[in-house]
Amino acid sequence: MIFQEENTLDRYDFIESILLCIKGTTGINYQLNIKEILRIYYQYNKKTFEMPDYYGGDQKNDGWVVEDAIFYQVFAPTRLKESLRKEIQDKFKGDLEGILNIIYNERKWNGKIEEFIFIVNTVDNNLPHDSERYFDCTVKDLKVKFGVDFKYRLVNSDYIRDLLSEIMD
């Protein structure tokens, strides 16, 4: 019993160390750290995770799971501002509309999206409130505009904690 408790604490400490490290990065460094975690997570689940090269223009795709048509967008501002909520909203809408246009009008990325996951590095804060349901309304409008249905999630690094916990069980 003591051995199991020690392993649990070690696993928890290991995951928290990874999170502390990634939360302390911004911009492309955060995105590259997320890429490594997602690559390992999906490899563990026998799926293909690809991240286009950001230097050549990623076409609004910061990474995707080929088999499941799950698309990731990563937002890691270099400094947190008072207007973070508005920045997240603007980036979310621009990136989602952009990827939908590329998928459905330009017929790229296998021509289909099942899920859009928007990861925000909030460092040591929670995601800002969404009392006016901005993200739900934006997704609803874009689903109508493009005539498609898909799931979406707006998450922070806690999402990565959940993935790491899954593969470390």
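Keep in mind that this is a model prediction, so the values were computed, not measured. (Residues numbered from 1 in each chain as written. Predicted model: local features only at pLDDT ≥ 70, side-chain atom pairs only at ≥ 80, totals over all residues. Heavy atoms only, no water.)

Draft legend 1. Layout of the overall build of the chain. A tally of regular secondary structure across the chain gives five helices and five strands. Start at the N end of the chain and walk to the C end: the helices and strands fall as α-α-β-β-β-α-β-α-β-α. Counting every position in the chain, which comprises 169 residues, the buried fraction comes to 40%. When contacts within the chain are restricted to residue pairs at least 6 apart in sequence, long-range pairs at least 24 apart make up 68% of them. As displayed, the chain offers around 9,600 Å² of accessible surface, 50% of which is attributable to carbon and sulfur atoms. (Helix = DSSP H or I, 4+ residues; strand = E, 2+ residues; numbered from the N terminus. Buried < 20%, exposed > 50% of the residue type's maximum accessible area, 1.4 Å probe, protein only. Contact = heavy atoms within 4.5 Å. Areas by Shrake-Rupley, 256 points an atom, 1.4 Å probe, with all protein chains shown as cover.)

Draft legend 2. Focus on the nonpolar core. Judged by nonpolar contacts, the single largest core of 25 residues is most densely connected at Phe71, Leu96, Leu100, Ile113, Phe116 and Phe150. Taken together, the elements giving at least two residues each to this core come down to strand S3 (70–75), helix H3 (84–104), strand S4 (115–120) and helix H4 (134–146). Take this core: its biggest share by element is nine residues, from H3. If you look at the next biggest cluster of nonpolar residues, it comprises 24 residues, including Tyr30, Phe49, Tyr72 and Ile160. (Core = buried A, V, L, I, M, F, W, Y, C linked by side-chain atoms within 4.5 Å.)

Draft legend 3. Representation of the packing of aromatic side chains in the model. Applying the stated criterion across every chain yields a total of 14 aromatic pairs. Here the aromatic rings of tryptophan 64 and phenylalanine 71 are separated by 5.2 Å at their centres, their planes lie at 15°, and the arrangement is stacked. Tryptophan 64 sits in the buried class, given a relative accessible area of 5%. Among the residues examined, phenylalanine 71 registers a relative accessible area of 1% and is labelled buried. Ring centres of phenylalanine 92 and phenylalanine 135 lie 4.9 Å apart, and the angle between their planes is 85°; on these two criteria the pair is classed as edge-to-face. Separated by 43 residues along the polypeptide, phenylalanine 92 in helix H3 and phenylalanine 135 in helix H4 bring together distant segments of the chain. For phenylalanine 92, a relative accessible area of 0% corresponds to the buried category. With a relative accessible area of 5%, phenylalanine 135 lands in the buried category. One aromatic cluster is present, formed by Phe75, Phe92, Phe116, Phe118, Tyr134, Phe135 and Tyr152 through successive ring pairs. Lying across the ring of phenylalanine 150, lysine 143 places its NZ or CZ 5.5 Å from the centre. (Phe/Tyr/Trp six-rings, centres within 6.5 Å; stacked < 30°, edge-to-face > 60°. Lys NZ or Arg CZ within 6 Å of the ring centre and 35° of its normal.)

Honestly, that's just the spatial picture; any functional story needs more than this.
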